[in-house]
Amino acid sequence: MEASGSPRPKKVRPTQSAVKVMFIVAYDNDGVILHHVVSPRQTENADYWNIHLITLDKAVAQKYEPTWDSIDARPIPQWYDDAKFGIFIHWGVFAVPSFGSEWFWDFWKDQHKQEYIDFMKENYPPDFTYQDFARDFSAEFFNPEDWADIFQSSGAKYVILTSKHHEGYTLWPSKASFSWNAMDVGPNRDLVGELAAAIRQNTNLKFGLYHSLFEWYNPLYKQDEAANFTTQNFVHQKTMPELYELVENYKPEVIWSDGEQPADADYWTSKEFIAWLYNDSPVKDTVVINDRWGKGTVGVHGGYYTYADRYNPGMLLAHKWENCMTIDKRSWGYRRNAKLSEFLTMDELLQTLAETISCGGNLLMNVGPTKDGMIAPIFEERLRDMGSWLDLNGEAIYYSKPWTSQNDTLTPGVWYTKSGDNTVDSYVYAIVLDWPQSGNLTLGAPHLVQESTVTLLGYTGDLVWETRGNTTVVTFPDKARVSGEWAWVLKMTNVS
């Protein structure tokens, strides 16, 4: 299912002279393609579908080749752009030390960062290894239904779990990761499968998976690296078997690839995998991928672009992109030593959301669960507060499109979206991050006409506005009579 409130699709009526036979590609509310061959006259009664009509000679599904030209030509499924907001979950053995970062192992053993060396020296015996942490990755309090409830309440439309981070430990019983997976050591559970089932049974969220192509210390990877990636033993025995396993067993609708450097896509056989994913996999019609598939692919090839972690350009980009960021400013994984000041506030999170959506991106907001499977109260509070805000203001986010101006030309802290192409009426939304102290908000970007109306989501009645030169001045009501305590949204009609 998609976000609530989606409008009834418009009827599509081809001319009788166009073709003798038509092929309907109809998408249900889950983005699943349903096929049916009909005559043009029959399509008159098909207005309850979101329909695209194409001639029969083009009806056969496009076959994608393992080349970037072919792969890049595939449109990103519409559900992803409509969704706007997702949840990222970084969970793994790194949640056991829960110190510093999810990169704990590499910072300790390879980069030799002193704070990590000191932490181990002061708290663990000299012969303690990173693998020894895995037995304490217990997940005894992990209740996937509780997680599903939190994520649903956040207003997110998709969720992405780290199936395997760079440490190589898989959260499912992978046949390619013997004795270094959540079934063999630690919780003795299929954590991916349990969460996938809970999400699908209890929410309307899409379920996706993060997967790291490389592993820091896997001997097969290190051998390929030493051979300057002229051998592919790690790819054929580890990386690709895992990816095929994940898709066939759990049917994720997002594949969030990572760890592509320093080898190129030919080493990883990324193009061959993506072509299979688009042509023959069980999620071929709805799956979405990112751009981390080999050296030189980021921001160039794949599905949506991520560019970098916490990427937020502040301007409209031509290609669909995603801002993956963390509520904890310093880490993607859970940190026991985190301070309150190191978590983003609701004001900061909503600013990031407004900036991202106004510039055509999606926001992927990360939480790091504990080793025993709990989502810390501060993460839960932020997610539920985000959901409360979206319950009130979601029409400015879901299904929206970038407007002519992304932010106001005169007043800082005002970001714009417009209602999506699939709506009957056209609205422009102004997300106002700070309540105007004077009671009046002066806007330089929108130009209103006599027939224009301005309302405030969470307040009953029209607002008073006037044109002053080349600006529009909107009078805000008594704040006590307005619902919501962060970031207010103006809804404007007849805007030029």
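Residues numbered from 1 in each chain as written. Predicted model: local features only at pLDDT ≥ 70, side-chain atom pairs only at ≥ 80, totals over all residues. Heavy atoms only, no water.

- Naming follows an unreviewed UniProt entry, where the protein appears as alpha-L-fucosidase of Periplaneta americana.
- Here is the UniProt Function (unreviewed entry) comment for the protein, exactly as written: "Alpha-L-fucosidase is responsible for hydrolyzing the alpha-1,6-linked fucose joined to the reducing-end N-acetylglucosamine of the carbohydrate moieties of glycoproteins."
- For the protein, the Sequence similarities (unreviewed entry) comment in UniProt is given as "Belongs to the glycosyl hydrolase 29 family." (UniProt positions renumbered as here; feature names shortened; annotations may be inferred.)

**Let's talk about the side chain of Ser-70**
Part 1 of the argument: The topology assignment puts Ser-70 in helix H1 (residues 68–72).
Part 2 of the argument: Owing to a relative accessible area of 13%, Ser-70 belongs among the buried residues under this scheme.
Part 3 of the argument: Apart from the residues lying within four places of it in its own chain, the contact partners of Ser-70 are Lys-63, Tyr-64 and Glu-65. (Helix = DSSP H or I, 4+ residues; strand = E, 2+ residues; numbered from the N terminus. Buried < 20%, exposed > 50% of the residue type's maximum accessible area, 1.4 Å probe, protein only. Contact = heavy atoms within 4.5 Å.)

**Things to note about the pattern of salt bridges**
Part 1 of the argument: For the structure on display, the rule yields 24 salt bridges.
Part 2 of the argument: Residues Lys-320 and Asp-81 are paired through a salt bridge, measuring 2.7 Å at the closest nitrogen-oxygen approach. In this pair, Lys-320 sits in the loop between strand E8 (288–289) and strand E9 (321–326) while Asp-81 sits in helix H2 (residues 78–83), placing the two residues 239 residues apart along the sequence.
Part 3 of the argument: Residue classification places Asp-81 among the buried residues on the basis of a relative accessible area of 16%.
Part 4 of the argument: A salt bridge links Glu-395 to Lys-491, with the shortest nitrogen-to-oxygen separation between them at 3.0 Å. Of the two residues, Glu-395 is situated in the loop between helix H12 (377–393) and strand E11 (414–418) and Lys-491 in strand E17 (residues 488–492); the sequence distance between them amounts to 96 residues.
Part 5 of the argument: Residue classification places Lys-491 among the buried positions, given a relative accessible area of 17%.
Part 6 of the argument: Residues participating in the shared-partner salt-bridge network are Asp-81, Lys-84, Lys-320 and Lys-401. (Salt bridge = Lys/Arg side-chain N within 4 Å of Asp/Glu carboxyl O.)

**Focus: helix H6 (residues 191–202)**
Part 1 of the argument: Between its terminal C-alpha atoms H6 stretches 16 Å, which fits the 16 Å expected from 12 residues at 1.5 Å a residue.
Part 2 of the argument: Every buried residue of H6 is accounted for by Leu-191, Val-192, Gly-193, Leu-195, Ala-196, Ala-198 and Ile-199.
Part 3 of the argument: One side-chain oxygen of the residue at the start of H6 lies 3.4 Å from the amide nitrogen of Val-192, identifying that residue as Asp-190. (Expected span 1.5 Å × (residues − 1). Polar contact = N/O pair within 3.5 Å; in protein donor to acceptor, adjacent residues only side chain to side chain.)

**A few points about the packing of aromatic side chains**
Part 1 of the argument: By the definition in use, this model includes 55 aromatic pairs.
Part 2 of the argument: On the basis of an interplanar angle of 90° and a centroid distance of 5.7 Å, the ring pair of Phe-137 and Tyr-169 is categorised as edge-to-face. Here Phe-137 is found in the loop between helix H4 (114–123) and helix H5 (144–153), whereas its partner Tyr-169 is found in the loop between strand E5 (158–164) and H6, with 32 residues between them in sequence. With respect to burial, Phe-137 and Tyr-169 carry one shared label: buried.
Part 3 of the argument: Sitting over the ring of Tyr-427, Lys-491 keeps its end group 4.1 Å from the ring centre. (Phe/Tyr/Trp six-rings, centres within 6.5 Å; stacked < 30°, edge-to-face > 60°. Lys NZ or Arg CZ within 6 Å of the ring centre and 35° of its normal.)

**Topic: the nonpolar core**
Part 1 of the argument: Among the nonpolar cores identified, the biggest contains 109 residues, and Ile-89, Trp-91, Phe-151 and Leu-277 are the most heavily contacted of them.
Part 2 of the argument: For this core, the element with the highest residue contribution is helix H8 (residues 233–250), accounting for seven residues.
Part 3 of the argument: Apart from residues no more than four positions distant in its own chain, Ile-89 is found in contact with Trp-147, Phe-151, Val-159, Ile-160, Leu-161, Thr-162, Leu-195, Asn-366, Val-367 and Pro-369.
Part 4 of the argument: Grouped together as the second largest cluster of nonpolar side chains are 21 residues, Val-432, Ala-445, Val-454 and Phe-476 included. (Core = buried A, V, L, I, M, F, W, Y, C linked by side-chain atoms within 4.5 Å.)

**Observations regarding the packing of helix H7 (residues 219–226) against H8**
Part 1 of the argument: Contact geometry for H7 and H8: axes closest at 8 Å, N-to-C directions at 150°. By the angle between their directions, the pair H7 and H8 is classed as roughly antiparallel. Handedness of the crossing formed by H7 with H8: left-handed. In this structure, H7 uses Leu-220, Tyr-221 and Asp-224 to contact H8, whose residues at the interface are Asn-233, Phe-234, Val-235 and Gln-237.
Part 2 of the argument: Its residues assigned to classes, the contact of H7 with H8 shows four nonpolar, two polar and one charged. (Axes fitted to C-alpha atoms, helices over the stretch in contact; angles between N-to-C directions. Parallel < 35°, antiparallel > 145°, perpendicular 65-115°, else oblique. Left-handed = near helix turned anticlockwise from the far one by under 90°. Nonpolar A, V, L, I, M, F, W, Y, C, P; charged D, E, K, R; others polar.)

**Describing the sheet that holds strand E16 (residues 471–475)**
Part 1 of the argument: Taken in spatial order, the three strands of this open sheet run E13-E16-E15, and their pairing is antiparallel. Single-partner strands in this sheet number two, and they are strand E13 (440–443) and strand E15 (464–468). Averaged over all neighbouring strand pairs, the angle between strand axes comes to 20°, with direction disregarded.
Part 2 of the argument: Bridge analysis of E13 against E16 gives four bridges, and the strand direction is antiparallel. Considered in E16, the bridge of Asn-440 is made with Thr-475. (Pairing = 2+ DSSP bridges.)

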